[in-house]
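Here is what each chain is made of, one letter per residue.
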Amino acid sequence: MRFITKGYLTTTLATPAGLLFFRLATGCRAMRTGSGHRTFPACGQILSAPRPGVRRALPRLPGMHSVFPGGSLPDRAPAAGTRDPVVEVHGLVKRYGDRAAVDGLDLVVRAGTVTAVLGPNGAGKTTTVETCEGYRRADSGTVRVLGLDPVADAARLRPRIGVMLQSGGVYSGARAEEMLRHMARLHARPLDVDALMERLGLGDCGRTAYRRLSGGQQQRLALALAVVGRPELVFLDEPTAGLDPQARRSTWELLRELRADGVTAVLTTHFMDEAEELADDVVIIDAGRVIAHGSPEELCRGGAENTLRFTGRPGLDLGSLLKALPDGTAAAELSPGAYRISGSVDPQLLATVASWCAQHGVMADGISVERHTLEDVFLELTGKELRS
Amino acid sequence: MTADAVTSSATGAVRSAGTYAPAPGAAPLLRMIAAQTAFETKLLLRNGEQLLLTVIIPSLLLVLFSTVDIIDTSGTGTGGGPGSGSDKAVDFLAPGVLALAVMSTAFTGQAIATGFERRYGVLKRLAVSPLPRWALMTAKTLCVLVTEVLQIMLLTVIALLLGWSPQGAATPSGALAVLLLLVLGTAAFSGLGLLMAGTLRAEATLAAANLVFLLLLVGGGVIVPLDRFPDAAGSVLALLPISALSDGLRDVLQQGAATPWGDLGVLAGWAALGLGAAAVFFRWE
């Protein structure tokens, strides 16, 4: 109703044309959100370990934890040094008919971070992101983006966010450059279009019609459209799907630069390495709920069992070794002289194994710790391959 | 990781820090509407199929049927007016072709373009841009009006070269009647076009919009006088928006009649129906 108070078309609202404008302007088709905003508990301070090559906008604090179903709650890290969350989703439910696409989902995105949303097809990733973008109304739960209700405050929110759809979004007859220029014109202080085209390797296809661009070029143009308005927050739905390795690298690089300049990013992805490379926080969604979240390191460390392998002389007394190790650790001699220890492999365990070997005069050789990848974690948690 | 670090710092040295520092904000509203209108108009005028529909077909029909004696237009000049009109083919055809031009842009062209914008996610993408939905619809309407002005200018020049002598357009009441007819006709056809674009698949819209264009061209009094049809058919066809528009324009421009309230009423009814239905049934995705 806001535009009525501004006086736009008030006199024509009674006419069908006015009604059309009104309906199209406000999207009355969708239902109102059920409940009002509730304050979300301060559990957004899940921080991650520094990684080389990535500039951090935030100081890192101890107290990193991941939450697993039935597992321990995260430590509430001290709030000092962290910024306000820019996305707060609490108890989000979105149904299509009888099926709940999103079923009580919580998501907190801290300012200046990259959050990757992972999940198998149909897990509710896109529904969640599109609810944050204001495309859908929550059936229940609260959604706040930059402190605003994405539907009720859409007019104030839209200029501040950048959106990259999974596909499309461009006039088929438009040329790449003129589409980007047009999007730039809709913003007050857009990026330099030429530099952005160059940055994304689109410099040579500016005059090419959108429908004649390759899939990868279309992806990069969609990314450019999302960032050209200099948003505070970008939502990227599978930003590197269909890109060749070089273009992926260049997209990752741009995302790192955005992050370094203080832009917050929420991305969905099918690529585990993308999440590992880029994300400060990873949120794993399955069947409309968050089943794990934390930094990539936390997710790979916690929950999943790791494996320690070494070789030594055949026929070691593994019973004696196990006595020195924590409960729940398993040891086996796979072939003569080749040993495997499975369990929660941490520095303490490694030290215990090494000292046991020293006591028994064993020269342990070829010691290796097999860290679980995000892919393993994902498979363990969901029982599904990510790219199913 | 090491490679990344190198790349990262190398790139960092090239780009100036803060390039992407957030500075969000919408452009001023009028500038957005102007940009959207200009962009959509440019795309439309560059589209070959659209030009065929909006410019080439109306122009060809006007030239062909005015110069070759295919349609018998005798008696059309005095049909319902005060008797000051002429039976010349171009005097009959020019108002009909102007009506056709309005239909081709407001209905067929807009339906096809909007249908494919919906299909390709353009409407979805623009819905999260700073451009409000009503501003997008305003821009679309302005784009249709700009195109119509260009069409009418071109067709008027062609018709005048063919010897057209419009009757009522010079008087203030005649000019106002023509303007009203064009505006209401545009509203009626826009509503129907958006209804089609917002409910059917893009391919279905493409096919249906072209079929309707063809049927209304033949059966809507554009080139074939409605009194050439059997009486019953003729009186039903007279209720079509294209018939009302071409008949109304002809009343004024061929026969010099006063404001054709009946035709304006029919157009207003279609406009209410079409825009109302589009408002209820339009789907953005």
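Residues numbered from 1 in each chain as written. Chains lettered and ligands numbered in written order. Predicted model: local features only at pLDDT ≥ 70, side-chain atom pairs only at ≥ 80, totals over all residues.

### A look at the overall build of chain B
Point 1. In terms of helices and strands, chain B carries eleven helices and zero strands.
Point 2. Of the contacts formed within chain B by residues at least 6 apart in sequence, a portion of 82% connects residues at least 24 apart. (Helix = DSSP H or I, 4+ residues; strand = E, 2+ residues; numbered from the N terminus. Contact = placed C-beta atoms within 7 Å.)

### Here's the deal with the overall build of chain A
Point 1. Looking only at helices and strands, chain A features 13 helices and 13 strands.
Point 2. For chain A, the proportion of its 388 residues judged to be buried stands at 45%.
Point 3. In chain A, 70% of the contacts between residues at least 6 apart in sequence involve partners at least 24 apart. (Buried ≥ 20, exposed ≤ 12 C-beta atoms within 10 Å, placed from the backbone.)

### Some points on the sheet that holds strand β6 (residues 233-237) of chain A
What links the strands of a sheet is backbone hydrogen bonding, and the strands pair in either a parallel or an antiparallel sense.
All names here are of chain A.
Point 1. Read across the open sheet, the six strands follow the order β5-β6-β7-β3-β8-β9; overall the sheet is mixed. Here the strands that pair on one side only, and so sit at the sheet edges, are β5 (161-164) and β9 (289-294). In this sheet, adjacent strand axes meet at a mean angle of 15° when their direction is disregarded.
Point 2. Direction of pairing for β5 relative to β6: parallel, over a ladder of four bridges. For V163, the partnering residue across the bridge sits in β6 and is F235. (Pairing = 2+ DSSP bridges. Axes fitted to C-alpha atoms, helices over the stretch in contact; angles between N-to-C directions.)

### Overview of the environment of A272 of chain B
All names here are of chain B.
Point 1. With respect to the helices and strands, A272 occurs in helix α11 (residues 261-281).
Point 2. The exposure class assigned to A272 is partly exposed, which follows from the 17 C-beta atoms found within 10 Å.
Point 3. The sequence separation of A272 and A187 amounts to 85 residues, and the corresponding C-alpha distance is 8.5 Å.

### What about the confidence of the model for chain B?
Residues and elements named next belong to chain B.
Point 1. For chain B, the mean per-residue pLDDT works out to 89, and 91% of the residues sit at or above 70.
Point 2. Throughout residues 1-14 the model reports pLDDT below 50, and contacts reaching past four residues in sequence, or to other chains, amount to eleven contacts.
Point 3. For residues 79-83, every residue scores under 50 in pLDDT, and the model assigns this stretch eleven contacts once sequence neighbours within four places are set aside.
Point 4. We note a pTM of 0.77 for the whole complex and an ipTM of 0.86 for its interfaces. (pLDDT = per-residue confidence, 0-100.)

### Quick notes on the nonpolar core
Point 1. Formed by 155 residues in total, the largest nonpolar core has its most connected members in L180 and A224 of chain A together with M103 of chain B.
Point 2. Here this core gets 17 residues from one element, more than from any other, and that element is helix α4 (residues 89-119) of chain B.
Point 3. Residues contacting A224 of chain A, with those up to four places away along its chain left out, are L180, L196, M197, L200 and L202 of chain A. (Core = buried A, V, L, I, M, F, W, Y, C linked by C-beta atoms within 7 Å.)

### Observations concerning helix α10 (residues 241-253) of chain B
Point 1. Helix length check: α10 of chain B (13 residues) gives 18 Å between terminal C-alpha atoms against 18 Å at 1.5 Å per residue, within 8%.
Point 2. Counting buried positions along α10 of chain B yields 13 of 13 residues, so the element is predominantly enclosed. (Expected span 1.5 Å × (residues − 1).)

### Let's talk about the packing of helix α2 (residues 29-46) of chain B against helix α6 (residues 133-161) of chain B
All names here are of chain B.
Point 1. Closest axis-to-axis distance for the α2/α6 pair is 8 Å, and the angle between their directions is 50°. Classified by the interaxial angle, the pair formed by α2 and α6 is oblique. Judged by the twist between their axes, the crossing of α2 over α6 is right-handed. Packed against α2, whose contacting residues are L29, M32, I33, Q36, T37, E40, T41 and L44, the element α6 presents A135, L136, T138, A139, K140, L142, C143, V146 and T147 at the interface. (Parallel < 35°, antiparallel > 145°, perpendicular 65-115°, else oblique. Left-handed = near helix turned anticlockwise from the far one by under 90°.)

### A closer look at the sheet that holds strand β11 (residues 330-335) of chain A
All names here are of chain A.
Point 1. Here four strands make up an open sheet; going across it, the order is β11-β12-β10-β13 and the pairing antiparallel. Two strands bound the open sheet, and with one partner strand each, they are β11 and β13 (365-370). Recorded for the sheet is a direction-independent mean angle of 20° between the axes of neighbouring strands.
Point 2. Bridge count for strand β10 (residues 306-311) against strand β12 (residues 338-343) is six bridges, and the pairing is antiparallel. Bridging across to β12, T311 finds its partner in A338.

### Topic: unusual backbone geometry
Among all residues except glycine, the phi angle is most often negative; among peptide bonds, the trans geometry is most common.
Residues and elements named next belong to chain A.
Point 1. At L146, a position not held by glycine, the phi torsion is positive, near 50°.
Point 2. Residue classification places L146 among the buried positions, given that 21 C-beta atoms sit within 10 Å.
Point 3. Positive phi, normally seen in glycine, also occurs at R230, with a value near 55°.
Point 4. Of the residues examined, R230 has 24 C-beta atoms within 10 Å and is grouped as buried.

### As for the packing of α4 of chain B against α6 of chain B
Residues and elements named next belong to chain B.
Point 1. Where α4 meets α6, the axes come as close as 10 Å, and the angle between the chain directions of the two elements is 155°. When the axes of α4 and α6 are compared, the pair comes out roughly antiparallel. As α4 packs across α6, the resulting crossing turns out to be right-handed. In contact with V90, A94, V97, L98, A101, V102, T105, A106 and Q110 of α4, α6 contributes K140, V144, T147, E148, Q151, I152, L155 and A159.
Point 2. Across the contact of α4 with α6, the residue classes break down as eleven nonpolar, four polar and two charged. (Nonpolar A, V, L, I, M, F, W, Y, C, P; charged D, E, K, R; others polar.)

### What to know about the confidence of the model for chain A
Residues and elements named next belong to chain A.
Point 1. Per-residue pLDDT for chain A averages 78, and the proportion of residues at 70 or more is 76%.
Point 2. Considering only residues more than four positions removed or in separate chains, one finds that residues 1-16, a stretch of pLDDT under 50, has 19 contacts.
Point 3. The low-confidence segment residues 24-81, where pLDDT is below 50, has 102 contacts with residues more than four positions distant or belonging to other chains.

### What to know about the environment of V369 of chain A
Residue and element names in this part refer to chain A.
Point 1. By the secondary structure assignment, V369 is in strand β13.
Point 2. When the C-alpha positions of V369 and G337 are compared, they lie 17 Å apart, and in sequence the two are 32 residues distant.
Point 3. Setting aside its immediate chain neighbours within four residues, V369 contacts N306, L308 and V345.

### Considering the environment of G276 of chain B
All names here are of chain B.
Point 1. In this structure, G276 sits in helix α11.
Point 2. The partly exposed category is assigned to G276, around which 18 C-beta atoms lie within 10 Å.
Point 3. Along the sequence, G276 and T141 sit 135 residues apart, while their C-alpha atoms lie 16 Å from each other.

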